[in-house]
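The residues making up each chain are set out below.
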Amino acid sequence: MNRLADSPALLSTLDPAMIFPADFVWGVATSAAQIEGAAREDGRGESIWDRFCRVPGAIADGSDIDVACDHYHRLEQDLDLIASLGVKAYRFSVSWSRVQPAGSGAWNPKGLDFYGRLVEGLRARGLQAHLTLNHWDLPQALQDEGGWAARHTVDRFVEYALGVADHLGDGLTSLTTHNEPWVVAMLGHDHGIFAPGIKSRATAMQVSHHLLLSHGRALRALRSAGFDKPAGIVLNLAPLLPATPAPADVAKTRIEDGLLLRWYLDPLFGRGYPQDVWEHLGADAPRVEPGDLDEIAQPLGMLGINYYSRSVVSAGTPYDVHASPLPLTDMDWEIYPQGLAELLLRLHRDYPLPSTYVTENGGAFPDRLVDGRVHDADRIEYLREHIGAVGMALRQGVPMAGYMVWSLLDNFEWASGYAKRFGIVHVDYETQRRTLKDSALWLRQLLQQQAAVHAAARQGAEGKC
Ligand code: IFM
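All figures in this text were calculated on a predicted structure; none of them were measured in a lab.

1. Describing the packing of aromatic side chains
According to the stated counting rule, one finds 29 aromatic pairs in the structure shown. Considering the side-chain rings of Phe269 and Tyr351, the 5.3 Å spacing of their centres and the 35 degrees angle between planes classify their relative orientation as tilted. Taken together, the residues span a long stretch of sequence, with Phe269 in the loop between helix H10 (247–268) and helix H11 (275–281) and Tyr351 in the loop between helix H13 (338–350) and strand S9 (356–360) at a distance of 82 residues. In terms of burial, Phe269 and Tyr351 fall into one category: buried. Seen in terms of ring centroids, Trp333 and Phe422 are 6.1 Å apart; in terms of plane orientation they differ by 50 degrees. Their pairing is tilted. On the criterion of sequence distance, the pair formed by Trp333 in the loop between strand S8 (311–313) and H13 and Phe422 in the loop between strand S10 (400–406) and strand S11 (425–428) is long-range, its members being 89 residues apart.

Take a look at the structure:
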């Protein structure tokens, strides 16, 4: 039953700006730690997020990832759910400690089997599998040996990448190494508000270098081993602008832009670390060994960009705290869709982009299930505007290959716990019941309309022959 028929307010004719190429990849995204649960089952090892959740005050609602969305036990049902949305692709991550509990050495057959069934289940439903190796949940055993701050973790990651590709590679459409290395480095090791909860700028910058180095080495090793699918990395990027024209705000914006965007993009595209940021870091700059920069700059088969908002920078405040004239999501993030178009156009201007995906985009809103429905009109508007921004960038020549909604399900939103709901599918955490929100129905209808437009165009072309 198409329940949108009950909600005429959601129905609209397809704006020509919302028509995308027939081969454009529409998807939904999740990550292992945020949905899987089954934290101590079938041989899974402890991750740094299991440990961090036990730190008093670390998670806003005191929750943990022991059960999460219980996806581990509901795999088939959740795959059916994805297929029911009409998307082409699913982006997910592998829990390193589920497949290699100690982060090195022995592999866990039950963990590998779970992801084998996931990838096979996607294939059986005609869905593409986009796998991310590291969505933040480093095995705790590796953290105990220094974590990402230790150079030997780079070699552990390469082994892990090769093992995953060996078991799952044939069924994948793409593989990305790290999700949002800035977050791992800065929120995990500088601000200390994410696992592993370290507060040291020097450590954070060393971590960022090891993440980039491990990305490059893993890509090189994967290709040498014959892995020939598009492979790359996922970055969280945003346009930054100064809160005021004051020189101090402008200068700080330049550095923050360097730390968020150029620190990752410049070395990935073979330009080394940006000089201005390096000088700004002084003694906090990382140790870089000869050859590291060449290793980082492996050709990218794809690039993932996660976009949520812009960032307004003020020299007077440690974070971008300011009174916003824009509407905010439940995360207090400004809703600024044109920022996505601005960002994509800037990247296209400044870097030779490979096939580029928006690998995450979406909003948290205080959704409530009422009489079996979730009327998330704010999210529909958010998605519509951001998808429109991607279309605008595409029409201006940016090599956009796909768009994936964050997230398939409401899930564990890291330090915010379960109170922030990003899903287009509502999760009742008491019963684990899934309910498609209006935004999921809207997305399905958008994709049906796209398909109809392309079918009509094909028929027209055949009629002319
Ligand atoms: O939930 C996260 C995701 O894990 C990484 N990107 C941002 C999302 C929303 O905060």
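Once the structure has been displayed, the description carries forward.
2. Concerning the site of the ligand
Taken together, the neighbourhood of the ligand is formed by Gln34, His135, Trp136, Asn179, Glu180, Tyr308, Trp333, Glu360, Trp406, Glu413, Trp414 and Phe422. In the model, a nitrogen atom of the ligand is placed 2.7 Å from a nitrogen or oxygen of the Glu180 side chain. Protein chains shield 95% of the accessible area of the ligand, which is 280 Å² for the free molecule. The residue makeup of the shell around the ligand, split by class, is six nonpolar, three polar and three charged.

3. Details of the confidence of the model for the protein chain
Residues of the protein chain with pLDDT of at least 70 account for 95%, and the chain-wide mean is 95. Low pLDDT, under 50, characterises residues 1–11; the predicted model gives this stretch 17 contacts beyond four residues in sequence or across chains.

4. Considering the pairing of strand S3 (residues 128–134)
Among the seven residues in S3, six count as buried, and that is most of the element. In terms of strand pairing, strand S2 (residues 89–93) meets S3 through five bridges, oriented parallel. Residue pairing for S3: Tyr90 is matched across the bridge by Ala129. Alignment of S3 against strand S4 (residues 174–179), held across four bridges, turns out to be parallel. Looking across to S4, one finds that Thr132 is bridged to Thr176.

5. A word on the pattern of salt bridges
Counted under the stated rule, the structure contains 35 salt bridges. Of the charged contacts in the structure, one is a salt bridge between Asp113 and Arg117, with a shortest N-O distance of 3.1 Å. On the criterion of helical spacing, the pair formed by Asp113 and Arg117 is a turn pair, its members being four residues apart in helix H5 (residues 109–124). On the basis of relative accessibility, which here comes to 40%, the residue Asp113 falls in the partly exposed class. On the accessibility criterion, Arg117 (37% relative accessible area) is partly exposed. Residues participating in the shared-partner salt-bridge network are Arg254, Asp257, Arg262, Asp276, Arg346, Arg349 and Asp350.

6. Looking at the environment of Leu447
Its place among the elements puts Leu447 in helix H15 (residues 438–464). Classification of Leu447 by relative accessible area gives buried; the value is 7%. For the pair Leu447 and Phe20, spaced 427 residues apart in sequence, the C-alpha to C-alpha distance is 9.7 Å. In contact with Leu447, other than residues within four places in its own chain, are Trp26, Leu85, Gly86 and Val87.

7. Focus: unusual backbone geometry
Backbone torsion omega between Ala195 and Pro196 reads 5 degrees, so that peptide bond is classified as cis. Structurally, Pro196 can be placed in the loop between helix H8 (181–189) and helix H9 (201–224). Note that the residue after Trp406, namely Ser407, is joined by a cis bond; omega there is 15 degrees. Its place among the elements puts Ser407 in the loop between S10 and S11. With a phi close to 55 degrees, Glu180 is a non-glycine residue in the positive phi region. Mapped onto the elements of the fold, Glu180 is located in the loop between S4 and H8. Exposure remark for Glu180: the relative accessible area of 7% places this residue in the buried category.

8. Section: H15
With 27 residues, H15 extends 39 Å from end C-alpha to end C-alpha; this agrees with the ideal 39 Å at 1.5 Å per step. Listed in full, the buried residues belonging to H15 are Asp438, Ser439, Ala440, Leu441, Trp442, Leu443, Arg444, Gln445, Leu446, Leu447, Gln450 and His454. On its buried side, H15 packs onto strand S1 (25–29), helix H3 (75–84), helix H14 (377–395), S10 and strand S12 (433–436).

9. What about the nonpolar core?
Among the nonpolar cores identified, the biggest contains 147 residues, and Trp49 and Phe92 are the most heavily contacted of them. Of all the elements, H9 adds the most residues to this core, at nine residues. In this structure Trp49 touches Ile59, Ile65, Trp136, Asp137, Phe194, Ala195, Phe412, Trp414 and Ala415, once residues within four positions along its chain are discounted.

10. Structural notes on the side chain of Ser63
Note that Ser63 resides in the loop between helix H2 (48–52) and H3. Within the structure, Ser63 has its side chain in polar contact with the side chain of Asp61 (distance 2.5 Å). Excluding anything up to four places from it in sequence, Ser63 contacts Cys53, Phe412, Gly417 and Tyr418.

11. Side note on the state of the cysteines
A covalent bond between the sulfur atoms of two cysteines is referred to as a disulfide. Taken as a whole, this structure holds zero disulfides when the rule is applied. Cys53 forms no disulfide, and the closest cysteine sulfur to it belongs to Cys69, at a distance of 13 Å. For Cys69, a relative accessible area of 0% gives the class buried.

12. So, the side chain of Ser95
Among the secondary structure elements, Ser95 is positioned in the loop between S2 and helix H4 (96–99). The class of Ser95 is buried, set by a relative accessible area of 1%. Ser95 has contacts with Ala32, Glu36, Arg44, Tyr115, Asp137 and Tyr160, leaving out every residue within four places of it along the chain.

13. Things to note about the packing of H13 against H14
For the pair H13 and H14, interaxial distance at closest approach is 8 Å and the crossing angle is 25 degrees. Looking at the two axes, H13 sits roughly parallel to H14. When you trace H13 past H14, the crossing you get is right-handed. The segment H13 lies against H14, with Leu340, Ala341 and Leu344 engaging His386, Ala389, Val390, Met392 and Ala393. For the contact of H13 with H14, a count of residues per class yields seven nonpolar, one polar and no charged.

Rules behind the numbers
- Residues numbered from 1 in each chain as written.
- Predicted model: local features only at pLDDT ≥ 70, side-chain atom pairs only at ≥ 80, totals over all residues.
- Heavy atoms only, no water.
- Phe/Tyr/Trp six-rings, centres within 6.5 Å; stacked < 30°, edge-to-face > 60°.
- Helix = DSSP H or I, 4+ residues; strand = E, 2+ residues; numbered from the N terminus.
- Buried < 20%, exposed > 50% of the residue type's maximum accessible area, 1.4 Å probe, protein only.
- Near = heavy atom within 4 Å.
- Polar contact = N/O pair within 3.5 Å; in protein donor to acceptor, adjacent residues only side chain to side chain.
- Areas by Shrake-Rupley, 256 points an atom, 1.4 Å probe, with all protein chains shown as cover.
- Nonpolar A, V, L, I, M, F, W, Y, C, P; charged D, E, K, R; others polar.
- pLDDT = per-residue confidence, 0-100.
- Contact = heavy atoms within 4.5 Å.
- Pairing = 2+ DSSP bridges.
- Salt bridge = Lys/Arg side-chain N within 4 Å of Asp/Glu carboxyl O.
- Expected span 1.5 Å × (residues − 1).
- Core = buried A, V, L, I, M, F, W, Y, C linked by side-chain atoms within 4.5 Å.
- Disulfide = S-S within 2.5 Å.
- Axes fitted to C-alpha atoms, helices over the stretch in contact; angles between N-to-C directions.
- Parallel < 35°, antiparallel > 145°, perpendicular 65-115°, else oblique.
- Left-handed = near helix turned anticlockwise from the far one by under 90°.

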